[in-house]
Amino acid sequence: MIEEPYRWVEAIANRREYVETQLAAGSPIAAVGYRDGILILTLGRARQKIFEIYDRIVMGAIGHPGDIERLRMAAIELASTEGFTRSAADVSLRRLAHYSLSPVMKTAFEQVYGPPYLARLLFAEVGTKPEEDLFLRVEYDGAIATNGATLSQIRQDFAVLSATRQSTELMESFLKSAPLTDATLVNAINSALNAWSVGHMTAGQDGAKEIPEREAISKHLQEQLATAGIEAAILEREAKTAIRYRALSDEEARSSIQP
């Protein structure tokens, strides 16, 4: 019996290593705030990675398609139920993540006799003004990271998702150097594409600690754009309808690319 806690810790470590390996090939996702709303963007060749969840909420994900779909449906069901029983204004990303998705993913990860969720989730909720925008990341073990100000960090107007922790940190460092609060959609698209390139370049580089040179970022992005499509959507701050979500076509996104 004395050994049981140590076996559990070892099992959790093995699960973490397994999940990280399964997610290692995921295409990065960048969500950035700009003057008129929030942009979320990734590159891909086949499967959808960006989804509308509710009027003001969007989700991006990397991982196993089946697990992503299960979590997406859970998020939609909770948001729809909350909106029906209360009101659309009561549907909150914080409640969605903290009281539903995070506990479910944490429990699945820690129950070593059942399968964990092979997924990382990125959410964004547009506010009535830029400082009210919320970005939130939920890890496969239920851990939550937000853009909110804390004692150790200042508030950020973006969030990213990548295959490894180091590539995620490098994407964040890149976006910190390019404030976007008052940027146009064109500027936001270009910053998000370059951040994606940073994440994609460094995901497979063990020990990468520095952001690649701008020329290298641009070259890598052009190479990937030759074979992959751009998947992007925006949450419009001043939309005339309750639904703020609008998907951008590959052509629309490409037309905004600056040399």
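This write-up is about the structure you can find in this document. (Residues numbered from 1 in each chain as written. Predicted model: local features only at pLDDT ≥ 70, side-chain atom pairs only at ≥ 80, totals over all residues. Heavy atoms only, no water.)

### Quick word on the sheet that holds strand 4 (residues 57-63)
In step 1: If you walk across this open sheet you meet the 5 strands as 3-4-5-6-7, and the pairing is antiparallel. Only two strands of the sheet have a single neighbouring strand rather than two, namely strand 3 (50-54) and strand 7 (144-146). Each strand of the sheet is rotated relative to its neighbour by a mean of 20°, with strand direction disregarded.
In step 2: Two elements, strand 6 (residues 134-138) and strand 7, share 3 bridges in a ladder whose sense is antiparallel. Considered in strand 7, the bridge of Arg137 is made with Ala145. (Pairing = 2+ DSSP bridges. Helix = DSSP H or I, 4+ residues; strand = E, 2+ residues; numbered from the N terminus. Axes fitted to C-alpha atoms, helices over the stretch in contact; angles between N-to-C directions.)

### Section: the nonpolar core
In step 1: Counting 32 residues, the largest nonpolar core has Val32, Leu39, Leu41, Leu43, Leu175, Leu193 and Ile230 as the members making the most contacts within it.
In step 2: The element contributing the most residues to this core is helix 5 (residues 185-202), with 8 residues.
In step 3: Each residue touching Ile230, except ones within four places of it in the same chain, is listed here: Leu41, Thr42, Leu43, Leu193, Leu225, Asp250, Ala253, Arg254 and Ile257.
In step 4: Within the second largest apolar cluster, 25 residues are counted, among which are Ala61, Leu101, Ala119 and Leu136. (Core = buried A, V, L, I, M, F, W, Y, C linked by side-chain atoms within 4.5 Å. Buried < 20%, exposed > 50% of the residue type's maximum accessible area, 1.4 Å probe, protein only. Contact = heavy atoms within 4.5 Å.)

### Notes on the pairing of strand 2 (residues 37-44)
Walk down a regular strand and you will see the side chains alternate between the two sheet faces.
In step 1: Burial runs high along strand 2: 7 of the 8 residues are buried.
In step 2: Where strand 1 (residues 29-34) and strand 2 come together, 6 bridges link them in antiparallel fashion. Counted as the bridge partner of Ala30 is Leu41 from strand 2.
In step 3: Counting the residues between successive antiparallel strands, the hairpin from strand 1 to strand 2 contains 2 residues.

### Looking at helix 6 (residues 214-225)
In step 1: Taking 1.5 Å per residue as the helical rise, helix 6 with its 12 residues ought to reach 16 Å, and the 16 Å between its terminal C-alpha atoms agrees with that figure.
In step 2: Residues of helix 6 that are buried include every one of Ile217, His220, Leu221, Gln224 and Leu225, and no others. All buried residues of helix 6 lie within an arc of 135° about the axis, which places them on one face of the element. Facing away from the buried side of helix 6, by more than 90 degrees, are the exposed residues Glu215 and Lys219.
In step 3: At its buried positions, helix 6 is contacted by strand 2, helix 4 (165-176), helix 5, strand 9 (229-236) and helix 7 (250-254). (Expected span 1.5 Å × (residues − 1). Arc of directions from axis to C-beta.)

### A word on the sheet that holds strand 9
Sheet strands pair via backbone hydrogen bonds, and the direction of the pair is either parallel or antiparallel.
In step 1: With antiparallel pairing, 5 strands are arranged side by side in an open sheet as 8-1-2-9-10. Looking at strand neighbours, the two that pair on one side only are strand 8 (158-161) and strand 10 (245-248), the edges of this open sheet. Geometrically, the sheet is characterised by an average inter-axis angle of 15° between neighbouring strands, direction not taken into account.
In step 2: Pairing of strand 2 with strand 9, which is carried by 8 bridges, proceeds in the antiparallel orientation. Paired with Leu43 across the bridge in strand 9 is Ile230.
In step 3: Each of strand 1, strand 2, strand 9 and strand 10 is contacted by helix 5, which is oriented at about 40° to strand 2, the strand it contacts most.

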